[in-house]
Every structure is written in C-alpha cells, then in structure tokens.
Amino acid sequence: MNHNTRGEPMRLLIHSAKQIVQVTSGKEKLLKGTQMKNIKILNAKPGDGLSIVINRSGDIEAVGFDTEISAKFRTNVFERRVDASDQCILPGFVDAHTHPIWAGDRVHEFRMKLAGASYMDIHNAGGGIHYTVEHTKRASEETLFRSLRDRLLRMTRTGTTVAECKSGYGLNVDTELKMLRVLERAKRDLTFVDISITFCGAHAIPKEMTEEAATKAIINDQLPAIARAIRLGEISVDNIDVFCEKGVFELESTKRILEEGKAMGFRANFHADEIYPLGGAEMGASIGAEVMSHLEKISDKAIHEMAKYEGIAVVLPTTAYILKLESPPVRKMIDANVPIALGSDFNPNAFCLAMPMVMHMACILFKMSLEEALVASTINAAASLGMSETHGSIEVGKKGDLVLVDVPTWEHLVYQFGEHDHLIQMVIKDGLVAYDKS
C-alpha cells in the first residue's frame, strides 16, 4: 500500500461524505478500558467533503478530504463512483458470535419461556439445542446452505461484513461435518461476507450419552474426522467452542476439548459462565483461551486474569434479554481493561441478526457508551477472530468494508432502535457493493 498509484485503475471512489468513523487510525489491534471511548472520526469541512478510495484488491488505498483525494487520484480510472453526500460512513460490522446454520424454528419454546420455563428447563426436557439437532440432522446440505445464505444476506443488509459462524447442531461426526462443509461453501462462494468458522461439536451432550462419553466422542471421533477433512481440503476451521455449563460440559471436559483443539491450531473461543458460576472463565484464562462468550456469571478473579493476557470477552445482549438473565458485569470488565466485543448470538433461541440493534441493547442493558458499543462491534470483534489487522476500522491497507448511513451523525444508527433498514443506504464489501437500498 502507498506505492505509486498514479494512473492505476481503482475499484471504487466514495466521495462527498460528511463523516467517516474510522474507529482507529494508528493500526491498533484492539481497544480496551478508556481507549474504547476515544474513537477516530473525520468530519467534512464547509465546501469539502470526505472521500475513500478502494483499490482493485479490495483494500483501502486512501482516506481524506475530497480536494486532496481528487488531486492525488486525478489520473486514475474508477470502476465505480458513489456519491455519499449527507451520509456517514462506518466500518463494516463484525458479528463475533453466531449460530446461523440450523433447521427447524423454536417459536413454540419462545411461548414456553413467556409462560415461565427457563432455558435449562427446556434443555433438560429434550428441547432447545436437542430439538434443533434433530431437525438439522434430517436437513440436506443444499437446504442448510440456502437458509444460511439467506441469513447471511439479511445480516449484510444490517451492516455486517464479517461473521463468526458455528457448527454445533449435529453432535455427531456426520452432521457436524455436514455443517462444516456448508460453512466452507459459504466462505468460498459468498462474496458479500467474510466468515470465521467455529467447530462447536461440544454444544450439548447427546441424549444417549454421558458427559464423559460425549467428551471422548469429540476427542476420539469428531476432531480426527475434522482433521482428515481439513487435510483433504474439504473444510477449514478457525476456532473451537464448547458450551461450558453446569450439567453440560463442565470444567475438566471443556478443558480437554479446548486443549485438543488448540493443539490442532484452532483458537479457543468458548461459552463460559452464562447461567451458573462454574468458573469457566478462570479455567479459560488458565489455558490462555483467546475468547470467552456470555460471562454473565464471571468471577472477579477471572476478570483480573483475562485482563492480564488480553483475553477477549464477547458479550451477548440479545441472550441476556430473551432469557431474562442478569447482565454480565461489562462495566467492571471495561474498568479492568478486559477487551470487550459484541455478537448477535443469532440462533433459534435468540433470533436477532442486526448489529445496530445489538449495539443499542448493549448500551441499555450493559451500560456501554455509544463509542464502546461501536468499538465492540468493529475492531474488537475483528480482534476476537484474529482479523483486526485487516478488518474492523477504516484505515489505509485494510479491507474496503463500509456501511453508508443517511443520518445526521453516526450515533443515530444505534439510537434509532430497529430503524437500520431505513437508515443504511449501502454496504460495501472489499470495495464492491454488497447491498444498495436504492
């Protein structure tokens, strides 16, 4: 980047914007503590708007005022020009935690929860994850791919350009591999979103197994089958996840599975301390887990340990909301310098895939500021997937992933709850238009 670009063809010029929310501008990998409130914003000057140039590799070539950019690139040909007059530009959002591949809805369980049933009541009665597993086992790969593509498209329309996507509704070799093949196809074929693939075979204990038998099946059967499929080039896996919870996979089982996955080169990115204070986050910190999600019941000791090595906390306001859980101690985590990321936790239990709504809920339920919520949905969420060198902010050399919003200032996208369909005008992925409202 920054080589001589005189006369080179460029993929995209966006011009005349009134605000560019870069988030970071100094190549920071993540932000924590008070840094999360100090984001980098460029504002237009009277008579001089803001421009972004994206090259043919899909990377950001330049960010600056219209006059500077038009002078610097006066001899370049642009494949496309976009007039962003009166619009604000944000980085594409990164959804750090989703379960987007499954068959069969759980609207009947939503009714049960409204009548007073808890998540674990439904789970222990054979519903919840088990219900979705049965439907997903029966679904064909083509059916699963079509529904996944539709959900990812809907995410893109809400501004998401990167999503972490989990398997986990198979619980056996064949169905987990089927889900991972579908995720791999989406990763290779869909141009409007980047996918970080997570193996989550330890999402629940199959009805016919004990915890020990299920743990052995993952270590001795599922992981070796995944290793074979990776060697054959059929799939790729970035992260390994376990639902570490009392009555599901407890501490020792979770640790064994995560360590096996880490030995295969996967990032440890797992569910911890959601419903019961089991000590999952303390265990995760002891093995240097890169990411832990939920954390409603995290201990003070775990917060201290995560801060020491920059373990990232992915917090999920939709789940806390729909299950009426006590919120995780996000303010305490931010004050302790634990990096915070946000995810939609999109799944049949928490059906929300719009990061603008997730940010709004994080502000209300978790007492995060607007800036903190945006950081958690961009640079920090990218960091949770090991992608913050290329994604999560509007900086030269990074991917041209942008959200163009017709609002007075960027904050309106979070403030106007549920209005993202009206406000988002365009989503750009790698310098190509992934969604155009017009």
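Cut-offs used in this document
- Residues numbered from 1 in each chain as written.
- Predicted model: local features only at pLDDT ≥ 70, side-chain atom pairs only at ≥ 80, totals over all residues.
- Heavy atoms only, no water.
- UniProt positions renumbered as here; feature names shortened; annotations may be inferred.
- Helix = DSSP H or I, 4+ residues; strand = E, 2+ residues; numbered from the N terminus.
- Buried < 20%, exposed > 50% of the residue type's maximum accessible area, 1.4 Å probe, protein only.
- Salt bridge = Lys/Arg side-chain N within 4 Å of Asp/Glu carboxyl O.
- Pairing = 2+ DSSP bridges.
- Axes fitted to C-alpha atoms, helices over the stretch in contact; angles between N-to-C directions.

- The protein chain has the name Probable imidazolonepropionase in an unreviewed UniProt entry, where Orchesella dallaii is given as its organism.
- Under the UniProt heading Pathway (unreviewed entry), the entry covering the protein chain gives this text: "Amino-acid degradation; L-histidine degradation into L-glutamate; N-formimidoyl-L-glutamate from L-histidine: step 3/3."
- We quote the UniProt Catalytic activity (unreviewed entry) comment for the protein chain here in full: "4-imidazolone-5-propanoate + H2O = N-formimidoyl-L-glutamate".

## Examining unusual backbone geometry
At step 1: Even without being glycine, aspartate 86 reaches a positive phi, approximately 65 degrees.
At step 2: Tracing the sequence through the fold places aspartate 86 in the loop between strand S6 (78–83) and strand S7 (88–91).
At step 3: Residue aspartate 86 is classed as exposed on the basis of its relative accessible area, which comes to 53%.

## A closer look at the pattern of salt bridges
At step 1: All chains considered together, the criterion is met by 26 salt bridges.
At step 2: The salt bridge involving glutamate 109 is made with arginine 106; its shortest N-O contact spans 3.0 Å. Considered together, glutamate 109 and arginine 106 belong to a single accessibility category, that of buried residues.
At step 3: For aspartate 401, the salt bridge identified is with lysine 429, shortest N-O distance 2.7 Å.

## Some thoughts on the sheet that holds strand S1 (residues 10–17)
At step 1: Here we have four strands laid out as an open sheet, ordered S5-S4-S1-S6, and mixed in their pairing. Two strands in the sheet have a free side with no partner beyond their single neighbour: strand S5 (60–65) and S6. Geometrically, the sheet is characterised by an average inter-axis angle of 10 degrees between neighbouring strands, direction not taken into account.
At step 2: Of the pairings in the sheet, the one linking strand S4 (residues 50–54) to S5 comprises five bridges and is antiparallel in character. Pairing of valine 53 across the sheet is with alanine 62, part of S5.

## Observations concerning the UniProt feature "domain: Amidohydrolase-related" (unreviewed entry) in the protein chain
At step 1: Taking the UniProt record as the reference, the feature "domain: Amidohydrolase-related" (unreviewed entry) is found at residues 89–431.
At step 2: As annotated, residues 89–431 comprises 45% helix and 15% strand, and the C-alpha atoms at either end are separated by 13 Å.

## So, the sheet that holds strand S16 (residues 402–405)
At step 1: Sheet architecture is open: six strands sit in the order S3-S2-S7-S16-S17-S18, paired in mixed fashion. A strand with exactly one partner marks an edge of an open sheet, and here the two such strands are strand S3 (40–43) and strand S18 (432–436). This sheet shows a mean twist of 20 degrees between the axes of neighbouring strands, independent of strand direction.
At step 2: Pairing of strand S2 (residues 19–23) with S3, which is carried by four bridges, proceeds in the antiparallel orientation. Each bridged residue has a counterpart across the sheet, and for glutamine 19 the counterpart in S3 is asparagine 43.

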